[in-house]
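Tertiary structure, described
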Amino acid sequence: MKRQLFHRNEARFLLSVLVQVLFIVHLASSETVARAQSEKKTVEEAAIISFVVVAHTFSSKREPIQKRQWSRSSQTGEYLVCDLPETATKSTNNWLISNFIDLQGAVSVTVKVEFTARQCDVQSLPFCTQSFKIYFYQMDNMIISGVQKATILAGHFTLAGKINAYNVWNSGQPRISNKASVQFSVQSKGLYLGFQDIGGCIALGKVQLSANFCPAQISGGVNYNRTSSPPDGNSLKVYGKCAVNSQSLHHANSLYMECLSNGSWSRPTSALTCFVNLDIKSLLRDVKVNVFS
C-alpha cells in the first residue's frame, strides 16, 4: 500500500514538473516576443551623416564657376551656400556630396533635414529660390577617389525630392528652422547623398538617414529573421521556421508574418504556429501508477 502511494505521489510530482516545463517554455517565448516588441523599431539604423564636399560648383553650361559654393561654418557646423547675386540673371548649380553610407541591408530609407532659408526678392532676383534638391547615387562599394564632377554631370544621381522652405527669414530677422523628409527605395548596398542648390541662401544644419527593420524574434514557436521594412504603406510577407525543439503539422508556407513599414511585425489570423515537441513518454517511462476504484 505504501509502495502504491509512493508511485502515485511520484507520478503527481512528474506531472507537476511537466506543467512547469510547459509554462517555462511559454514564458520564455512570451518574453522573447515582449523584448522584440519593446525594441526601438522605427529607427533601428540611424546616424548623423558627416559630409565630405568633393564636388565643385557648376553652371548650366557644365563649366565650373569658382565663386560661391557650399562651405562649412566653423562656428555652427552648418553647411552654407548663399549665391543670391547670381540669381539676378541665372540659376546656379552648387552641389554638396555626402560620404559613402552603408545601408546594412535596408531597402527603403528616409532622409530628414533641418535647414534655414532666406526670403527671395523675386522682383530683383527672378532666379532666386527658397528650396534645394536631394539626390542619391546608389553604389555597392565606396568610391576610393570620391564622387567626381563627371559623375554628377553624367546624370548618375537620382532625384529623391525637392525640399521647400515654409519658414524664411530676411535681413534683421531671426532665422527660423525648417524640417522636411524624403523617402525612397534602394537596391544597392550603399549610397551617396547629393544636395543641389539652384539659387538660394541655405544653411543646412542637420541631415539624418534612417531605415526601419523588423527585429529578429520568436512568435508562436516560429523563428523570424531580422527583415528590412518596405516603403511606407506596404507590408512584406516573411516566412519563418520552427524554433529549436518545436515543430509544425502544417506546410512551411503557412508559417509567416508580415513586416510593416514602421518596423513592426503583424501576424495574420491565417498564420499558423509551431508547438513545443516534448516527449511526455520519456518523462513518465519509469512511473507506474495504480488506479483504484
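Residues numbered from 1 in each chain as written. Predicted model: local features only at pLDDT ≥ 70, side-chain atom pairs only at ≥ 80, totals over all residues. Heavy atoms only, no water.

1. A look at the confidence of the model for the protein chain
Looking at the protein chain, pLDDT values average 75 and 68% of them are 70 or higher. Per-residue pLDDT stays below 50 along residues 5–67; that stretch engages in 102 contacts with residues further than four places along the chain or on separate chains. (pLDDT = per-residue confidence, 0-100. Contact = heavy atoms within 4.5 Å.)

2. A short note on the environment of Ser-264
With respect to the element layout, Ser-264 can be found in the loop between strand 19 (256–260) and strand 20 (265–266). Assessed through its relative accessible area of 11%, Ser-264 is described here as buried. Between the alpha carbons of Ser-264 and Phe-213 there is a distance of 7.8 Å; along the sequence they are 51 residues apart. At 2.6 Å, the side chain of Ser-264 and the side chain of Asn-262 are in polar contact. (Helix = DSSP H or I, 4+ residues; strand = E, 2+ residues; numbered from the N terminus. Buried < 20%, exposed > 50% of the residue type's maximum accessible area, 1.4 Å probe, protein only. Polar contact = N/O pair within 3.5 Å; in protein donor to acceptor, adjacent residues only side chain to side chain.)

3. Some points on the sheet that holds strand 19
The strand order across the open sheet formed by 3 strands is 16-19-20, and the pairing between neighbours is antiparallel. The sheet is open, and its two borders are formed by strand 16 (235–239) and strand 20, each paired with just one other strand. Pairing of strand 16 with strand 19 involves 5 bridges; the strand directions are antiparallel. Its bridge partner being in strand 19, Val-238 is matched across the sheet by Met-257. (Pairing = 2+ DSSP bridges.)

4. Things to note about the sheet that holds strand 17 (residues 241–242)
Here 3 strands make up an open sheet; going across it, the order is 13-14-17 and the pairing antiparallel. Two strands in the sheet have a free side with no partner beyond their single neighbour: strand 13 (217–219) and strand 17. When strand 14 (residues 222–224) meets strand 17, the two strands line up antiparallel, connected through 2 bridges. For Val-222, the partnering residue across the bridge sits in strand 17 and is Cys-242.

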